[in-house]
Each structure stands twice: as C-alpha cells, then as structure tokens.
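Fold and geometry: a report
What follows is the residue order along each chain.
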Amino acid sequence: MVVGSARYRREPAAGCQLLELRARSNCPGRRTVDLDSAVKRGEIKRRMNLYQRVLGTPFVYNRIRPLAVGGIDMTPFYDRVGASAEDVILDVGCGTGDALRYLSGFSRYEGIDTDDVALGFARKAYGARPNVSFACQICTAEDVERIAPSRVLLCGLLHHLSDDQVLALLGALKSSPRLRRIVTSDIVYLDRSLISNFLASMDRGKFCRRREQFEALVARAEMKVVESAIVPCRPRTGLAKYLMMTIEP
Ligand SMILES: C[S@@+](CC[C@H](N)C(=O)[O-])C[C@H]1O[C@@H](n2cnc3c(N)ncnc32)[C@H](O)[C@@H]1O
C-alpha cells in the first residue's frame, strides 16, 4: 500500500515505520513509507503494540521516559492549576498519580484512569492518603455530578481522546457547579520542532493535534482558553514540548 506521495526504496528505519503506521496526518514534515507487504504490516503492528505496552509500564513511564526526553518537570502545569485547601480535584487520566507529587493542598482528590496497571501503582504510592481515591473507568457525566470538582486536571489526556470524546468530557465537566478551572497538558505538533514532533509521533496517544486544533475543541465546547502556552518538558534540557491550556467555564 502506498501512503502519501513519497516512497522509500529501501526498508525504512523502525522509527519511520512506527511514525507512518500511526498515520499522523497533522504532523508537519511527516514522511511517508511504502508498506507493500501485509506480512510486514502485521510485524510492525506487533512491534508497535509491544512498544506501547512497554511505554505504558509504570517503571518505564516514570523513570525511563523522563531520561529519554531530557527530564520532565510538571511544575508549570501545577502552577497553572493553582489548587488550594478548599479545592475538590478531579484528575482524569491520572495514570500513576504523579499529580500527588506536586499538589500541596486540596479538600479531596479523585483520580480516574482506564489503565489498571498504572492505577495499581498510584494506589500503592498514594492510596493511603486521606481524601484521596482512585477509580479504574472512563470519566462519565455521572462521575462529574457526584464529585462536583472545582479544579480538573487533564494532564496528558486529550491526545488520547477523539474529538467527540473530548467534547463529551468538556461538556460534562462544564456542568460541575463548583468548576473554577480545567488545566490541560498535551503533546502537540508544532512548526520547526522536529525532535518534539518526532517524540509526539511515538506517543501512545493517537490524537496528537496542532495547537489551534486543541484550542478549537475548547471553543466548540463553549468554554474559554484563558491562557495557552508551549512549555518544554523541562526548562533548558527538555526535548519534548507540551501545549498547556488553562480553561474556564
Ligand atoms: C500520558 S498519561 C498521563 C498520566 C498522568 N496524568 C501524568 O501526568 O503522569 C495518559 C493517561 O490517560 C489515560 N487514559 C487514556 N484514555 C483515557 C480515558 N478515556 N479515560 C481515562 N483515562 C484515560 C491513560 O491510561 C494514561 O494513564
């Protein structure tokens, strides 16, 4: 099968195969590969699944991934959250509970994620803390109604969700009577950012977008992006760049 216009005569490097397999139509400078063998495609898919499973293990996610991207410091994200002792925090896509390394005060914290392995790690590390709980599920409108969060963390989540899923989630969050702020952080495709774009293309999330596409989704949900910034994953050394959006109802 020919994808796009350019063809590689020789078998491309594994990274290129992975890059193309995920059909990153938004990615600037995306190169295309001739994947003419069904057998080869099956092999790439198997390798990709293995790669994604490895990337998803808590040890690789928490320890190896930061090394590969030059360090990760999420302080800029949590500064934007601005949580205080009265806040009820809903962390959708909480993963291994990394937020609890940064948050200093809240009245209640609820982490929701669909990955039971990551949640097992989170529960072991933070489950005994007072007013902290975790649930393995997709976040529904009923959860938002029950929790009534004042601050919502979507740290690394939106690039895992389709447009329809993002709109449904933002719509549900908007109905929280206490809602003050939603903060997001996601990998993003940027002009003139080859390394960051490459790292983004290797991510497990299938819905990496360009900055304006993320912002347009918030507008479609009839909420306001009060601040949006491109932030390196670590000052000076970070190779990956994130889009952080502060959203208010
Ligand atoms: C990039 S990780 C971020 C984890 C954590 N927030 C952090 O900052 O380290 C994205 C997480 O979103 C979770 N996720 C993906 N789709 C989800 C969904 N529909 N509902 C809840 N969690 C989801 C994944 O299992 C994964 O743990």
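Per the secondary structure count, the chain includes 10 helices and 8 strands. Every one of the 249 residues in the chain was classed for burial, and the buried ones make up 34%.

Lining the immediate environment of the ligand, one finds 17 residues, of which Gly93, Gly95, Asp115, Gly156 and His160 sit closest. Looking at the shell around the ligand residue by residue, the classes come out as 9 nonpolar, 5 polar and 3 charged.

What follows is about helix H8 (residues 163–174). For H8, built from 12 residues, the straight-helix expectation of 16 Å at 1.5 Å per residue is met to within 8% by its first-to-last C-alpha distance of 16 Å. Buried residues in H8 make contact with strand E1 (88–92), helix H7 (141–147), strand E4 (151–155), strand E5 (181–189) and helix H10 (211–220).

Looking now at unusual backbone geometry. Not every positive phi belongs to a glycine, and Ala148 is a case in point at roughly 45°. A tally of 14 C-beta atoms within 10 Å means that Ala148 is categorised as partly exposed. Of note in the backbone geometry, Arg236 takes a positive phi value of approximately 70° without being a glycine. Considering the arrangement of structural elements, one finds Arg236 in the loop between strand E7 (224–232) and strand E8 (241–248).

As a further point, take the pairing of E8. When you tally the buried positions in E8, you get 6 out of 8 residues, the bulk of the element. Alignment of E5 against E8, held across 6 bridges, turns out to be antiparallel. Its bridge partner lying in E8, Asp186 is registered against Leu243.

Two elements in contact, H8 and H10, have axes whose closest approach is 9 Å; the angle formed by their N-to-C orientations is 45°. As the angle between them shows, H8 and H10 are arranged oblique. Helix-helix and strand crossings are classified by hand; for H8 and H10 the assignment is right-handed. Taken together, the residues of H10 that come into contact with H8 (itself represented by Asp163, Val166, Leu167 and Leu170) are Leu217, Val218 and Arg220.

Within the secondary structure, Arg65 is located in helix H3 (residues 58–68). Residue classification places Arg65 among the partly exposed positions, given that 16 C-beta atoms sit within 10 Å.

Here we take up the confidence of the model for the chain. Confidence along the chain averages 85 in pLDDT terms, with 80% of residues attaining 70 or more. Per-residue pLDDT stays below 50 along residues 1–25; that stretch engages in 34 contacts with residues further than four places along the chain or on separate chains. Under a pLDDT of 50 for its full length, residues 29–33 has, in the predicted model, 16 contacts with residues more than four places off or in other chains.

The next point concerns the pairing of strand E3 (residues 132–136). Strand direction decides the pairing type here: strand E2 (residues 108–113) and E3, joined by 5 bridges, are parallel. Residue pairing in the sheet places Tyr109 in a bridge with Val132 of E3. Each parallel crossover has a hand, and for E2 linked through helix H6 (residues 116–126) to E3 it is right-handed.

Now for the nonpolar core. Within soluble globular proteins, side chains that are nonpolar generally end up buried alongside one another. Ranked by internal contacts, the top residues of the largest apolar core, which has 55 residues, are Val92, Leu153, Leu154 and Val188. Not counting chain neighbours up to four residues away, the residues in contact with Val92 comprise Ile112, Cys139, Val152, Leu154, Leu157 and Leu169.

Once that is clear, we can look at H6. What H6 keeps buried is the set Ala118, Leu119, Phe121, Ala122 and Tyr126. Projected onto a plane normal to the axis of H6, the buried residues spread over an arc of 155° and lie on a single side. With respect to the buried face of H6, the exposed residues turned more than 90 degrees away are Asp116 and Lys124. Residues of H6 that are buried make contact with H3, helix H5 (99–102), E2 and E3.

Thresholds, definitions, all that
- Residues numbered from 1 in each chain as written.
- Predicted model: local features only at pLDDT ≥ 70, side-chain atom pairs only at ≥ 80, totals over all residues.
- Helix = DSSP H or I, 4+ residues; strand = E, 2+ residues; numbered from the N terminus.
- Buried ≥ 20, exposed ≤ 12 C-beta atoms within 10 Å, placed from the backbone.
- Near = placed C-beta within 6 Å.
- Nonpolar A, V, L, I, M, F, W, Y, C, P; charged D, E, K, R; others polar.
- Expected span 1.5 Å × (residues − 1).
- Contact = placed C-beta atoms within 7 Å.
- Pairing = 2+ DSSP bridges.
- Axes fitted to C-alpha atoms, helices over the stretch in contact; angles between N-to-C directions.
- Parallel < 35°, antiparallel > 145°, perpendicular 65-115°, else oblique.
- Left-handed = near helix turned anticlockwise from the far one by under 90°.
- pLDDT = per-residue confidence, 0-100.
- Right-handed = clockwise from strand over helix to strand, strands pointing away.
- Core = buried A, V, L, I, M, F, W, Y, C linked by C-beta atoms within 7 Å.
- Arc of directions from axis to C-beta.

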